[in-house]
Protein chains: 2
Amino acid sequence: MENNIEKIYKLSEEFDGIDDRSRAESIEKELKELLKPYKKGSVGLAQIDPIAGDIEYNAKKVIKYIKHSQNVGLDMVVFPELILMGYPIEDTIDRHPIIVEDNVKWLKEVAKICTDITALVGFVEPRRYDRLTGKKYYNSVAVLNNGKIQSIVRKSLLPTYSEFNDYRYIEPSPVVGAQSGETLGQFDEDKIEDCSKLNVVNGVKYGITICEDCWNDSDFFNDKTLYSVDPIEELSKEHPDVFINCSASPTRAKKEQLKHNMFSFIAKKYSTPIVYVNQVGAIDNSSFDGSSRVFDKDGKLLARAKSFREQFLIVNPLMGLGKIYPLTNGLEKTLTENKVYTLEYEPDLERTYKTVIQGIKDYFKKTGFKRAVIGLSGGLDSSVCAVLLADALGAENVFGISMPSKITSTESKSDAEVLAQNLGINFATAPISQMFETTNNCLQKLFKEVEKKWDGRYKKSFTPDNIQARSRAMFLWGISNEFGSTLPIATSDKSELYMGYATINGDMSGGFAPIADIPKTKLFALARWMNENRKVKNAMPQSIIDKKPGAELAIDPKTGKPLVAEDALMPYEFLDEVIWRIENKKEHYYDMLNSEFLYEKKHKVSQEQKIQWLDKFYKRMAAALYKWSILPPSVIVDSRSINKYDYKQPITSSRINYKGISCEEIDEKINDWQN
Amino acid sequence: MENNIEKIYKLSEEFDGIDDRSRAESIEKELKELLKPYKKGSVGLAQIDPIAGDIEYNAKKVIKYIKHSQNVGLDMVVFPELILMGYPIEDTIDRHPIIVEDNVKWLKEVAKICTDITALVGFVEPRRYDRLTGKKYYNSVAVLNNGKIQSIVRKSLLPTYSEFNDYRYIEPSPVVGAQSGETLGQFDEDKIEDCSKLNVVNGVKYGITICEDCWNDSDFFNDKTLYSVDPIEELSKEHPDVFINCSASPTRAKKEQLKHNMFSFIAKKYSTPIVYVNQVGAIDNSSFDGSSRVFDKDGKLLARAKSFREQFLIVNPLMGLGKIYPLTNGLEKTLTENKVYTLEYEPDLERTYKTVIQGIKDYFKKTGFKRAVIGLSGGLDSSVCAVLLADALGAENVFGISMPSKITSTESKSDAEVLAQNLGINFATAPISQMFETTNNCLQKLFKEVEKKWDGRYKKSFTPDNIQARSRAMFLWGISNEFGSTLPIATSDKSELYMGYATINGDMSGGFAPIADIPKTKLFALARWMNENRKVKNAMPQSIIDKKPGAELAIDPKTGKPLVAEDALMPYEFLDEVIWRIENKKEHYYDMLNSEFLYEKKHKVSQEQKIQWLDKFYKRMAAALYKWSILPPSVIVDSRSINKYDYKQPITSSRINYKGISCEEIDEKINDWQN
């Protein structure tokens, strides 16, 4: 028996990657035989990677796994949330209703195939009424069997925060659980049928929910829930044998373990196994980790699919059939861990790496690009990006360009070249000194003209620094324009974006920004981790990791050496803790001034110095809001970010008083101002 | 009596712009005397322009008008929605809760001032509980009088579409109308007090609502409403004497008249006057038009504040006191007008002009910038932008730079210069030929290096065109870097952004994009309108309006003349109708192929030609999604837009089939693919 289980998973894995049709058929026959004892209650978890809006592509994947599930004799196959459309699809369905019509047409054709199987297929359901209250669509799951749409489950709880915008285009369902398939496109409050909320398949009762519908258990969340309804509680009243949750839940730092604990809690609380099927792959800025799971009725993990990989996983939650595939390190971290800032990034680095790799890979694949061109400065940011690109796109599809200026050190140039060699990526050198001189000459002439009319010329401006950064971007975009399927890469990191320490149309410009949600101190850790954990060890020269970050755009008059970024900003360890405290603890200026930073434990920092850094931080952050708004697409990695699809703040709110004010001060201000 | 009314408004207008304190006091005394007969039921509409998150700035404006209202002896003063915070404030309140604490502190201090007045002051109300269901905040209005917070009204209907994201951070109120001030910060479903929903001031009963709460009348909207509750209907059950609506409602094409009709309808339906106070000014991409209004119980317009101007307007809806200020042309257009595409833009041009002017002015003011630098090509886009900038910022604060290349015609150069002279803006010339040559030489060398490793070099690339556009942007950003308070301007228009016909880091780059929501055919109309309606007539040389738009970036080998944009794209009249049909009628490919375009009524277009244009349109639009995501802040003007804060579509959704598909085709595809 044990042996047969091993065989089932071995064959399943072989099938996942197979091209040979006759071998596939023989695998299916063998699987069918092996699965016979597990038939009743068997479920296939189809953890797949859809393309937003490409219904044909998504539907064909769905059909492939429906057929496969039928061929191996499963009771049921479950797909992620909104699988025909891809999640998220956003306002697209409102502006282009044709794709909603199409996803219904495809759904109906897919239903015809489901003769010997029950398939749970997510789709956007149009609501068409003469009378219509609410949004035009539901986020629905169709229960397909006997060649038709048997019933429909609709999402009640609509996440509308961070990267989620469900309530922009989706109406919350007024009822949880199953309604008849006849209600397709004509369901509403006044049409709720008095039928069982559960779906019965081969004598097993399933309680089906969609993503957020599972996320509202007031016991688990200590009475802090987002919605007043708990769909799982509602379903539990009819005593389902198994809960099923169709999801599209992106990875964020410390989120996966929260999910794990929550599903385990729910299974145990209701003494009912739960099957959670997650989307995998990235859609724009959101990277979905997969890691679909099954918990038994005691809340014990019975099965888990791979992380960051498409997979078809066969389970039987009632009979204990399942396999637990390894979880990517970092996904097991919990949100409830001690909320103290630490530089111990190691536990989260594999997750970080895979999140970004998948983000790059899917963005390129889904937009039709294949190759990346990146400026290699010999510094940390561009070096980490180069490694990530080589791993995501293949070394042959990456071109590193060293673009030295007069300021660039020999060391930086050679570091860049050695890195390229170690990675096996393409490499060329293109000095920018000519471009810099021509541009600077033209600009100096122009400035004299402008000066005749305008005052306010800076005595010491950053213009020369920016010319360098923009000349480099011009080379990279030039290559992208000249060679097919090629995108230039923006190398800005999270710490520097917070500080607006990035040049518009320069290093922050590109078709994609891989490390925009990774703070500098974590980038150092990631660099070390990649050097240790990639097949080719130490691809990144140690000198790149050891040197102090600096853009090599200007010379420090005091030292005669290129300026170091920390001198212009503040120590990265301090800076990154400020960011962490804002994002994770929502602290304000005085909270921070009055608490001890990790950096302060190691270095003596005077109160004046700390005030100066904090003042600089808030001033620079307020001025950086515009830069956040034009940042290229990037991968969200952290629990919170500045990605514009995740966090929205008006650019014109730059005059916010982050220090806060007391009632006495207000009183004084009012009196002063009026007298 | 008639004479006294005239006096009231004359004095009020004088007060609005006054600096002289003793004159202000004497005006107030005079007003108080004149207003005595109108005391009972008198309301001041404080139509003001807040800065998002700058609570001190906003609160001081609020205090100014509260004091004034007390001094002239009004019963009540009403401010726009969320006035202490500015609307929208977005996720800012979630990440920086300190500003919510502050707005409550300010509110409490403001309350103390309200000794002889009732003031309606919008604020973000924190919800603090051990048990918390839902979001952390309410969007509330405090009713201040007797030196304290008398009661609180909370918003129930939360717009979450287009530029609105209320449900991201606001919990809908479970009850409409007034609850006691004691409930501040501790109100919820289980704390609803059984009190009157109305507020009584000087014997008059007011039913208070916040913005969207007024937008759900099922009779007015023909049974198509967004929410299941109608707060106005609820309030009406207690027979208020007056409805009040605190709003922040931005201008969009044909929206204002809809509002007008709706408020008039509601007043008449319930035989109750309604006072609507709107925010004015722009916050980022949203431009609020003001135009606050009062309707009497028969639905007749009694008073209307100015459009696009701060104003304090005194009314008495019960006694017929009011004045109707002129409405900006275009605001009176209705959404229900015949939905047919037309080139008759004239009726909407004054609104368009003022919307953009206010958008530019407020963006600069609120971010602390004062001056703009713009490339003047002698073409339509940059010329229209230059006029708008001169009018918004003052001619002395605008620098036009002519940056000719070898391709630039003498005519274009002189047109640019004449325009600058006519406008009185600063002007300089900076040829880009040197930069072009240096960059191109460097790039050609680099391309040879790249070619050794990569195939796919285009035979005819747009690289040279893009070098020109990027060299120009480099000049403009250089000036912005070198001179204080200066922003470069992105000149892309809506038609070209739809087509991705804009250079990244080139003409689409800038600190602000004034015309990004104006299609090309409307820009021609706007240019003509400005030539006729500005104080200085015909500032824009007629030749700029007459010539065919073209970027002058490349030579047409056939004609030897610079390429015309319409040859690369399609006729703008056709293009703009495609955009209009998608945005306003949600049409798809075949809808358009099968209906007659305005362009076709005037020109013979073969079916092949139309198919070619439509194919090109959809292909280019799909590839333009990335460009939309990095577009600088701009002003939303049309009823729908591609502004990323207004419309969200995944960039990776570029493979959407906009043509749709029939069930038969799906059937075939499934069969073909599986055999």
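Quantities reported herein were computed from a predicted structural model and do not represent experimental measurements.

Draft legend 1. Examining the overall build of chain A more closely. Along its length, chain A carries 22 helices and 23 strands. When its C-alpha atoms are laid out on the principal axes, chain A stretches across 80 × 70 × 50 Å. Every one of the 675 residues in chain A was classed for burial, and the buried ones make up 67%. The long-range share in chain A, meaning contacts at least 24 apart out of those at least 6 apart in sequence, stands at 71%.

Draft legend 2. Representation of the pattern of salt bridges. According to the stated counting rule, one finds 110 salt bridges over all chains in the structure shown. In this structure, the salt-bridge partner of B:Arg640 is A:Asp94, at a minimum N-O distance of 3.2 Å. In this pair, B:Arg640 sits in the loop between helix H21 (607–629) and helix H22 (663–674) while A:Asp94 sits in helix H4 (residues 92–95), so the two residues belong to two different chains. For A:Asp94, a relative accessible area of 22% gives the class partly exposed. Linking A:Glu234 and A:Lys237 is a salt bridge whose minimum nitrogen-to-oxygen distance equals 3.5 Å. One network of salt bridges, with partners in common, ties together A:Arg95, B:Asp348, B:Arg351, B:Lys494, B:Asp517, B:Lys522, B:Glu583 and B:Asp638.

Draft legend 3. Layout of the nonpolar core. Counting 372 residues, the largest nonpolar core has A:Ile66, A:Phe617, B:Ile66 and B:Phe617 as its most contacted members. Apart from the residues within four sequence positions on either side, B:Ile66 is in contact with B:Val77, B:Phe79, B:Val110, B:Ile113, B:Cys114, B:Ile117, B:Ala119 and B:Val121. Of all hydrophobic cores here, the second largest spans 41 residues; its members include A:Cys442, A:Trp454, B:Trp454 and B:Phe475.

Draft legend 4. The sheet that holds strand S18 (residues 301–304) of chain B, seen in detail. Residue and element names in this part refer to chain B. Read from one edge to the other, the open sheet built from six strands follows the order S10-S11-S13-S14-S17-S18, with strand pairing classed as mixed. Either end of the sheet is taken by a strand with one partner, and the two such strands are strand S10 (199–201) and S18. Shown here is a sheet whose adjacent strand axes are inclined to one another by a mean of 20°, direction ignored. Relative to strand S17 (residues 293–295), helix H8 (residues 256–270) is tilted by about 30°, and along the sheet it contacts strand S13 (242–246), strand S14 (274–277), S17 and S18.

Draft legend 5. Structural detail: the packing of aromatic side chains. All names here are of chain A. Taken as a whole and judged by the stated rule, the model has 47 aromatic pairs over all chains. Summarising the aromatic geometry, the rings of Tyr138 and Phe187 are spaced 5.9 Å apart at their centres and angled 55° between planes, so their arrangement reads as tilted. On the criterion of sequence distance, the pair formed by Tyr138 in strand S5 (residues 137–145) and Phe187 in the loop between strand S9 (178–180) and strand S10 (199–201) is long-range, its members being 49 residues apart. Judged by relative accessible area, Tyr138 falls into the buried class, the value being 0%. Judged by its relative accessible area of 1%, Phe187 falls in the buried class. Ring geometry for Phe220 and Phe221: centres 4.9 Å apart, planes at 85°, overall edge-to-face. Among the aromatic residues, ring-to-ring pairing joins Tyr498, Tyr589, Tyr590, Phe617, Tyr618, Trp628, Tyr647 and Tyr658 into one connected group.

Draft legend 6. Region of the structure containing a negative patch on the surface. Residue and element names in this part refer to chain A. A grouping of Glu664, Glu665, Asp667, Glu668 and Asp672 is seen on the molecular surface, where their side chains present a negatively charged patch. Summarising the element assignment, Asp672 is placed in helix H22 (residues 663–674). Given the relative accessible area of 58%, Asp672 is considered exposed.

Draft legend 7. Quick look at the interface of chain B and chain A. In this assembly, 151 residues from chain B lie in contact with 152 residues from chain A. Of the roughly 13,300 Å² buried between chain B and chain A, counting both surfaces, carbon and sulfur atoms make up 59%. Run the count over chain B and chain A and you get 14 salt bridges. Across the contact surface, chain B and chain A share 63 residue pairs in polar contact (both at pLDDT 80 or more). The residue makeup of the side of chain B that touches chain A, split by class, is 63 nonpolar, 43 polar and 45 charged. In terms of strand pairing, strand S12 (residues 224–225) of chain A meets strand S4 (residues 132–133) of chain B through two bridges, oriented parallel. The residue of S4(B) that forms the bridge with A:Lys224 is B:Leu132.

Draft legend 8. Fine view of the relation of the copies chain B and chain A. At an RMSD of 0.0 Å, chain B and chain A line up after a rotation of 180° and a shift of 0.0 Å along the axis. The superposition operator between the copies reduces to a two-fold rotation axis. When each C-alpha of chain B is compared by its distance to the rotation axis, B:Ile630 comes out closest, at 2.2 Å. When the interface residues of chain B are mapped onto chain A, 100% of them are again interface residues, pointing to one common binding face.

Draft legend 9. Representation of helix H8 (residues 256–270) of chain A. Residues and elements named next belong to chain A. With 15 residues, H8 extends 21 Å between its outermost C-alpha atoms, agreeing within 8% with the 21 Å of an ideal straight helix rising 1.5 Å per residue. Burial of H8 is extensive: 11 of the 15 residues sit out of reach of the surface. For H8, the full list of buried residues reads Glu256, Gln257, Leu258, Lys259, His260, Met262, Phe263, Ser264, Ile266, Ala267 and Tyr270. On its buried face, H8 sits against helix H7 (231–236), strand S13 (242–246), strand S14 (274–277), strand S16 (286–289), strand S17 (293–295) and strand S18 (301–304).

Draft legend 10. Representation of the confidence of the model for chain A within the structure. Taken over all residues, the pLDDT of chain A has a mean of 95, while the share at 70 or more is 99%. In the predicted complex, the global pTM is 0.97; the interface-specific ipTM is 0.96.

Draft legend 11. Broad picture of the environment of A:Pro97. Mapping A:Pro97 onto the fold places it in the loop between H4 and helix H5 (98–113). In the structure, A:Pro97 is positioned 321 residues away from A:Val418 in sequence and 52 Å away in space, judged by C-alpha atoms. Setting aside residues up to four positions removed in sequence, A:Pro97 forms contacts with A:Tyr137 and B:Lys586.

Draft legend 12. Just helix H12 (residues 433–453) of chain B, in detail. Over its 21 residues, H12(B) runs 30 Å from end to end, which matches the ideal 30 Å to within 8%, given 1.5 Å per residue. Of the residues making up H12(B), those classed as buried are B:Met435, B:Thr438, B:Thr439, B:Asn440, B:Cys442, B:Leu443, B:Leu446, B:Phe447 and B:Val450. Buried positions along H12(B) lie against strand S21 (398–402), strand S22 (426–429), helix H12 (433–453) and helix H13 (463–482) of chain A together with helix H13 (463–482) of chain B.

Draft legend 13. Molecular detail of the side chain of A:Arg371. Position of A:Arg371 among the secondary structure elements: in strand S20 (residues 371–375). A residue is classified by how much of its surface remains accessible, and A:Arg371, at 8% relative accessible area, is buried. Reaching out from A:Arg371, the side chain makes a polar contact with the side chain of A:Thr486 at a distance of 3.4 Å. Ignoring anything within four residues of it in the chain, the contact list for A:Arg371 reads A:Phe364, A:Leu393, A:Asn397, A:Phe483, A:Gly484, A:Ser485, A:Thr486, A:Leu487, B:Trp454, B:Asp455 and B:Gly456.

Draft legend 14. Region of interest: the environment of B:Arg470. With respect to the helices and strands, the residue B:Arg470 is situated in helix H13. Overall, the relative accessible area of 4% leaves B:Arg470 in the buried class. Distance from B:Arg470 to B:Trp580, taken between C-alpha atoms, is 30 Å for residues 110 residues apart in sequence. Leave out the neighbours within four places in its chain, and B:Arg470 touches A:Met474, A:Trp477, A:Gly478, A:Asn481, B:Thr503, B:Ile504, B:Asn505 and B:Gly506.

Draft legend 15. Fine view of the sheet that holds strand S19 (residues 311–315) of chain A. Residues and elements named next belong to chain A. Spatially, seven strands are ordered S9-S6-S5-S3-S2-S1-S19 in an open sheet, and the strand pairing comes out mixed. The outermost strands of the open sheet, each flanked by one partner alone, are S9 and S19. Each neighbouring strand pair of the sheet contributes to a mean axis angle of 30°, computed without reference to strand direction. With eight bridges connecting them, strand S3 (residues 118–126) and S5 associate as antiparallel partners. Along S5, the bridge assignment pairs Val124 with Asn139.

Draft legend 16. Broad picture of the packing of helix H18 (residues 572–585) of chain B against H21(B). All names here are of chain B. Between H18 and H21, the least distance of the axes is 11 Å, while the angle of their chain directions is 60°. As far as their axial angle goes, H21 and H18 are oblique. Handedness of the H18/H21 crossing: right-handed. Here H18 contributes Phe574, Leu575, Val578, Ile579 and Ile582 to the contact with H21, which in turn contributes Lys610, Trp613, Leu614, Phe617, Tyr618 and Met621. Of the residues that constitute the contact of H18 with H21, the class distribution is 10 nonpolar, no polar and one charged.

Rules of the game
- The residue count restarts for each chain, going from 1 along the sequence in the order it is written.
- Labels are handed out in written order, letters beginning with A for the chains and numbers beginning with 1 for the ligands.
- Note on the predicted model: pLDDT of at least 70 is required for a residue's local features to be given, and 80 or more for side-chain atom pairs to be given and counted; whole-chain, interface and lining totals, by contrast, use all residues.
- With hydrogens and water set aside, each side-chain value is computed from the structure's full complement of heavy atoms.
- Only runs of H or I of at least four residues qualify as helices and only runs of E of at least two qualify as strands under DSSP, and these elements are numbered from the N terminus.
- Exposure categories follow from relative accessible area, calculated using a 1.4 Å probe and restricted to protein chains: below 20% of the type maximum is buried, above 50% is exposed, and the middle band is partly exposed.
- Contact definition: two residues touch when any of their heavy atoms are within 4.5 Å.
- For salt bridges, the criterion is a side-chain nitrogen of Lys or Arg within 4 Å of an Asp or Glu carboxyl oxygen.
- Residue types Ala, Val, Leu, Ile, Met, Phe, Trp, Tyr and Cys, when buried and joined through side-chain atoms within 4.5 Å, form a set referred to as a nonpolar core.
- Each pair of strands is called paired provided DSSP finds at least two bridges between the two strands.
- Axis angles are defined between N-to-C directions and span 0 to 180 degrees, where every axis is a line fitted to C-alpha atoms and, for a helix, only to the segment in contact.
- Any pair of Phe, Tyr and Trp rings, taking the six-membered ring for Trp, is counted once the centres come within 6.5 Å. Such a pair is stacked with planes under 30 degrees apart, edge-to-face with planes over 60 apart, and tilted for the rest.
- The patches described consist of residues with a relative accessible area above 30% and no salt bridge, like charges being joined within 9 Å and nonpolar side chains (Val, Leu, Ile, Met, Phe, Trp, Tyr) within 5 Å.
- Per-residue and other accessible areas were derived by the Shrake-Rupley procedure at a 1.4 Å probe size, with only the shown protein chains allowed to occlude residues.
- Positive charges are assigned to Lys and Arg, negative charges to Asp and Glu, while His and the chain termini are left out of the count.
- Throughout, a charge is located at the NZ atom of Lys, the CZ atom of Arg, the CG atom of Asp or the CD atom of Glu.
- Values labelled buried area give the accessible surface lost by two parts on being combined, using a 1.4 Å probe and summing over both.
- Polar contacts, as counted here, are pairs of nitrogen or oxygen atoms within 3.5 Å of one another; within protein the pair requires one atom able to donate a hydrogen and one able to accept it, and residues that are adjacent in sequence qualify only if both atoms are side-chain atoms.
- Residue type decides the class: Asp, Glu, Lys and Arg count as charged, Ala, Val, Leu, Ile, Met, Phe, Trp, Tyr, Cys and Pro as nonpolar, and the leftover types, Gly among them, as polar.
- A residue counts toward the fit only if its pLDDT is at least 70 in both copies, and the copies are then superposed by least squares on the C-alpha atoms of those residues.
- Given a helix with a known number of residues, its expected span is that number minus one, times 1.5 Å.
- Residue-level confidence of the predictor, termed pLDDT, takes values from 0 up to 100.
- Our angle categories are set so that under 35 degrees counts as roughly parallel, over 145 as roughly antiparallel, 65 to 115 as roughly perpendicular, and the remainder as oblique.
- Less than a right angle of anticlockwise turn of the near helix away from the far helix marks a crossing as left-handed, whereas a clockwise turn marks it as right-handed.

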